[in-house]
Every structure is written in C-alpha cells, then in structure tokens.
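Okay, here's what each chain looks like letter by letter:
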Amino acid sequence: DSLEEEKLRQALSQARSETKKIIQQSSLLKAKNSGLRTENTQIQNALDFERSRFAALEVDVIRLNDELVRSQTNEQVLRDENDELRQQLNELNASQQSKLELIDRSRMQRTSLIHSALKMNASEDQEQ
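Please read all numbers here as calculations on a predicted model, not as lab measurements. (Residues numbered from 1 in each chain as written. Predicted model: local features only at pLDDT ≥ 70, side-chain atom pairs only at ≥ 80, totals over all residues. Heavy atoms only, no water.)

**Considerations on the environment of E18**
Looking at the element boundaries, E18 is found in helix α1 (residues 2-127). Once the C-alpha coordinates of E18 and S116 are considered, the two residues, 98 residues apart in sequence, prove to be 143 Å apart. (Helix = DSSP H or I, 4+ residues; strand = E, 2+ residues; numbered from the N terminus.)

Encoded structure:
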C-alpha cells in the first residue's frame, strides 16, 4: 500500500513539475505573443502612415495634372486669341493700305489736274 502511495506521490510530483513547466512555457509564449502583437500594431501603424502619405502624393499628382491641363488649355486659348488678333491686325493693315492707295491716287489725280490747269494757264499767259 505504501509502495503504491509512493508511486502516486512521485507521479503527482512529476505531474506538478510538468504542469509548472507547461505554465512557464505558456507564460513565455504569452509574453512573446504580446510582443508580436505590439510589433504588429507598430508595423500596421507605419503601414497606415505610408498609405496616407501615398494617398496625399496621389492627390498632389492629380492636382498637378489638372493644373497642367488647365495651363495647356489656357496656352491654346492664348494662341487662338493671338492668331485672331494677328488676323485683325492684318485686315486693318490691308484696309489702311487700301485707304492710303486711294488717297495717293486721289492726290495724283488732283496733282495731275492742278498741273494741267497750270499748264493751261501758262499757255494762255504766253498767248497774251
């Protein structure tokens, strides 16, 4: 009977010792798990921060692209306006040139008439 009790005591002692080891291992694993969770949270936070920076950069790219398109559109509008103004200037120059030519012809005719009149007066004076 006492031999059996001794065996039971040894078995109980061994079971307690193994239970202590399991509890110690469990505590170590819990501590490691807690550390891994903390590290995972830090990594997730860093990843979220990088994603937000990337999103901000994407917004900047979209804004810059929009500005570029607006700038190109404005440049085209200015080119079109410049072409229109050049055409108007050319039309004004042509009109001015036509007016000057008309004035020159008119002056030439007037000069010719005056010259003819003077010639006639001169010949009349010579006749008298």
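**Concerning the pattern of salt bridges**
What the rule picks out here adds up to eight salt bridges. R9 is paired through a salt bridge with E5; the nearest N and O atoms lie 3.5 Å apart. With R9 and E5 both in helix α1, this residue pair falls four residues apart, about one helical turn. Here E75 and R79 are joined by a salt bridge, their closest N and O atoms 2.4 Å apart. On the criterion of helical spacing, the pair formed by E75 and R79 is a turn pair, its members being four residues apart in helix α1. Residue E75 is classed as partly exposed on the basis of its relative accessible area of 39%. For R79, a relative accessible area of 42% gives the class partly exposed. Among the charged side chains, a salt-bridge network with shared partners connects E5, E6 and R9. (Salt bridge = Lys/Arg side-chain N within 4 Å of Asp/Glu carboxyl O. Buried < 20%, exposed > 50% of the residue type's maximum accessible area, 1.4 Å probe, protein only.)

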